[in-house]
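# Architecture at a glance
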Amino acid sequence: MLKLSRYVLYDILRSKIVIAYTIFLFAVSLSMFQMEENSSKAMLSLLNIVLIVLPLVSLVFTTIHYYNSYEFIELMSSQPMSRTRILLSEYAGVAISLLSAFLIGVGIPVLLLAPNDIGFALLFSGVCLTLVFTSIAFFAAVIARDKARGIGFALLLWFYFALIYDSLVLLILFSFSDYPLEKITLLLSALNPIDLGRIFIMLKMDVSALMGYTGALYKDFFGSGTGILFTTGIMLLWIIVPLWLAVRKFRKKDL
Amino acid sequence: MKCLISVLLFFAATTCFANTIIVGKGKAISSLKLAIKTSKNGDTILLNAGTYKEGTIIIDKSIHLIGVNTPILDGENKNEILTVTGKNIFISGIHFANAGYSSMNDYAGLKIIDATNIKVEKNIFSNTSFAIHISNSTHCTISNNSIKGTSKSEHSSGNGIHLWKCSQMLIENNTIQGHRDGIYFEFVSHSTIRKNWSEKNIRYGLHFMFSSDNSYLSNTFRNNGAGVAVMYSKKVIMLRNHFDQNWGASAYGILLKDITDSRIQYNTFFKNTIAIHMEGSSRIQVEKNIFKENGWGIKVQSSCDDNNFRFNNFYGNSFDLATNGTMMLNYFSNNYWDKYEGYDINKDGTGDIPFHPVSMYSMIVEQNPHALLLMRSFTISLLDKAEKAIPGLTPENLVDNYPKMKPNKL
């Protein structure tokens, strides 16, 4: 399995897209810190990168990679090797390359220039989101038969998680504003990994506002030990479940 | 020779008119009550170190009571410790401990009633339900005292420095902790409160009502249960104060209710849930303040009018400004907003396009507080951008026409 992952990694590095992505992240992060005089504003811009660009790149890159290495996967399937292992090593290879791109591109500037609570929360969310969306992309790619459909499906998922979902939440909040919504909003936030990551960072960034009226409730929940366990647990579920579904589908798939 | 005679005469005079009575273990007088009884106006009582449990002690003569090596007056959790009335009284260097609590009477460590020209300096108050309680007095100085309450619930504790119906007072350099309200004023006028440090009080760090013509200078109010609340007063001057970390569901840096003709200048607001909350207030000059990392910088209810917000700096607040309606009769100009994205072609330091500090999202949160969970979401920033382009919900005339490109120098 390790050997296979190594080949996948080598293949990804040869295509140089990941290297370009790393350089892009690194340049953007550095220039954010250079441009703004206080690091909190730079963090805010980085937050948008982590919440928007990271999922998008993870999704698109993973699906494209899957279809490009389709022949390789077919070849491997003809070898005495379980399909679960093939897909998992593909996942490991892609996830490791994207993670290292993120950790080098954003991690190093953040650790050097803003090594505080917000910085660590940002890195944690970034790592989780990369893994989650790589996993979701594998699911999308395994389900769809041809490349165009797969990428389209992945983009649609990104669109849903990054944009539509929050609008729906806002709609629900306004339609049912006469009811006690505290528990529902907590549940709603768990159903979208981007929201979960955002709230995790927000807890460090907007502490003052969250200490207010309703915010205190979320602060008490997410800020406590159980809240952190909850966030980590849900993120893990978001990584494992789509991957497990993808593996299940892939094992029975007619290649 | 002449000089020597005058010195001798001076000493003779002091010994004639003002005695010094020493109270302490092994001295002629070992009870403070007895010492006060035998003293005359102008005398000085030196209280030696030790613990004195004498119930409620009353001073009604013009004497100086000076503690040597901080003697302790203990109220044994059932008495008021010292009651002072009259004029020209000086109290210093005494540790007041364990005043009683009653729901009928306001027992205090030191109560001053109907007095003028009282000086209270360098005392320590611990576990006194009200520490210093002053009523119907004028020209008093309360300085360099250290006051520490044992925090209980709001209704079973008293205020640190409590003033009722006073004028011409000076409250200076005191530190107050763990009381209900750190400093409490009602019907107090022409007084100065400066360089005090009020923190971790159960309710307000500073609380005043019906107290006009007072100045609050260089005080620090930190981490109080509900911050600072000021109500129903005129001509209040607040300069160079620090309002820090007043966090909570209803915690404010300052809550202004029905305050008029006042000045709030050169203050620093750092990490408060709401730095300034304004209600029914008019003609206040809010200038040259720093608002940093607050939840809300300023919340102006639409019941406020004619207030001027100028030359303030806003950095890293979750919301710079919020309001509850579309009516806005206040003026904003020359502030620095870190969220301003305009340009400055003629390089005069002032942005060329006006800035609308109230965002669409802050209006949404005002209407539906649960929407706080969507803060910093991409959808929300899209909504904000759309609203910026075509304003519909946000008050149109709430605008800073001269936003600064760089922070104001303060």
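Residues numbered from 1 in each chain as written. Chains lettered and ligands numbered in written order. Predicted model: local features only at pLDDT ≥ 70, side-chain atom pairs only at ≥ 80, totals over all residues. Heavy atoms only, no water.

### Description of the interface of chain A and chain B
By a widely used convention, the size of an interface equals the accessible area lost when the partners come together. Put simply, the test is: In what follows, a contact means two residues having at least one pair of non-hydrogen atoms within 4.5 Å. Each of two parts loses accessible area, computed with a 1.4 Å probe, when they are put together; buried area is these two losses added. When a carboxyl oxygen of Asp or Glu lies within 4 Å of a side-chain nitrogen of Lys or Arg, that pair is called a salt bridge. To qualify as a helix, a DSSP run of H or I must reach at least 4 residues; to qualify as a strand, a run of E must reach at least 2; elements of each kind are numbered from the N terminus. Asp, Glu, Lys and Arg are counted as charged, while Ala, Val, Leu, Ile, Met, Phe, Trp, Tyr, Cys and Pro are counted as nonpolar; the rest, among them Gly, fall into the polar class.
Listed as interface residues are 35 residues of chain A and, on the opposing side, 29 residues of chain B. Carbon and sulfur atoms make up 67% of the surface buried where chain A meets chain B, a total of about 2,800 Å² over both sides. For the pair chain A and chain B, the interface holds 1 salt bridge. The salt bridge involving R376 of chain B is made with D206 of chain A; its shortest N-O contact spans 2.7 Å. Of all the secondary structure elements, the ones that give two or more residues to the side of chain A that touches chain B are α3 (39-68), α7 (147-175), α8 (182-190), α9 (193-205), α10 (207-210) and α11 (215-223) of chain A. Grouping the amino acids of the side of chain A that touches chain B by side-chain chemistry returns 20 nonpolar, 8 polar and 7 charged.

### Examining the packing of α9 of chain A against α11 of chain A
Residue and element names in this part refer to chain A. Defined as follows: Fitting a line to C-alpha atoms yields each axis, with helices limited to the stretch in contact; the angle taken between N-to-C directions then spans 0 to 180 degrees. Every angle not falling under 35 degrees, over 145, or within 65 to 115 is termed oblique; those three ranges are roughly parallel, roughly antiparallel and roughly perpendicular.
Relative to each other, α9 and α11 sit at 100°, their axes nearing to 10 Å. Relative to α11, the element α9 lies roughly perpendicular. The residues of α11 that touch α9, namely those facing L196, I199 and L203, are Y218, K219, F222 and G223. For the contact of α9 with α11, the per-class residue count stands at 5 nonpolar, 1 polar and 1 charged.

### Structural notes on the side chain of T394 of chain B
Residues and elements named next belong to chain B. Just so we agree on the cut-off: To sort residues, take the accessible area from a 1.4 Å probe on protein chains only and compare it with the maximum for the residue type: under 20% means buried, over 50% means exposed, and anything in between is partly exposed. N or O atoms within 3.5 Å of each other form a polar contact, as long as, within protein, one can give a hydrogen and the other can take it, and as long as residues adjacent in sequence are counted only when both atoms are side-chain atoms.
One can find T394 in the segment after α4 (378-389). Since its relative accessible area comes to 8%, T394 is described here as buried. Looking at T394, its side chain comes within polar contact range of the side chain of E387, at 2.9 Å. Not counting chain neighbours up to four residues away, the residues in contact with T394 comprise V358, S359, M360, M363 and E387.

### A look at the nonpolar core
Here is the rule: To define a nonpolar core, start from buried Ala, Val, Leu, Ile, Met, Phe, Trp, Tyr and Cys residues and group those joined through side-chain atoms within 4.5 Å.
Within the largest apolar cluster, 108 residues are counted, with the highest numbers of intra-cluster contacts made by M43, Y66 and L122 of chain A together with Y361 of chain B. With 15 residues, the single largest contributor to this core is helix α6 (residues 117-143) of chain A. In this structure, M43 of chain A is in contact with F33, V110, A114, N116, I118, G119, L122 and M205 of chain A, ignoring residues within four places of it in sequence. Counting residues in hydrophobic clusters, the runner-up holds 78 residues, among them I94, A99, I142 and Y340 of chain B.

### Points about the pairing of strand β7 (residues 82-92) of chain B
All names here are of chain B. Put simply, the rule reads: What makes two strands pair is DSSP finding at least two bridges between them.
Note: strand β4 (residues 57-59) against β7, 3 bridges, orientation parallel. Considered in β7, the bridge of I59 is made with V84. As paired strands, strand β5 (residues 64-67) and β7 are joined by 3 bridges and run parallel to one another. Residue H64 lies in a different strand from β7, and its bridge partner there is F90. In the sheet, β7 pairs with strand β9 (residues 108-121) via 10 bridges, with the strands oriented parallel. Considered in β9, the bridge of T83 is made with K111.

### Concerning the state of the cysteines
Residue and element names in this part refer to chain B. Note the cut-off: The term disulfide is used for any two cysteine sulfur atoms that are within 2.5 Å.
Evaluated as defined, the whole model comprises 0 disulfides over all chains. Of the cysteine sulfurs around C140, a residue in no disulfide, the closest is that of C166, at 6.7 Å. The class for C166 is buried, based on a relative accessible area of 3%.

### Side note on unusual backbone geometry
All names here are of chain B. Its identity is not glycine, yet D114 carries a phi of approximately 45°, on the positive side. Given a relative accessible area of 43%, D114 falls into the partly exposed group. You will see that K271, though not glycine, has its phi angle at about 55°, which is positive. With respect to the secondary-structure elements, K271 resides in the loop between β27 (268-270) and β28 (274-279).

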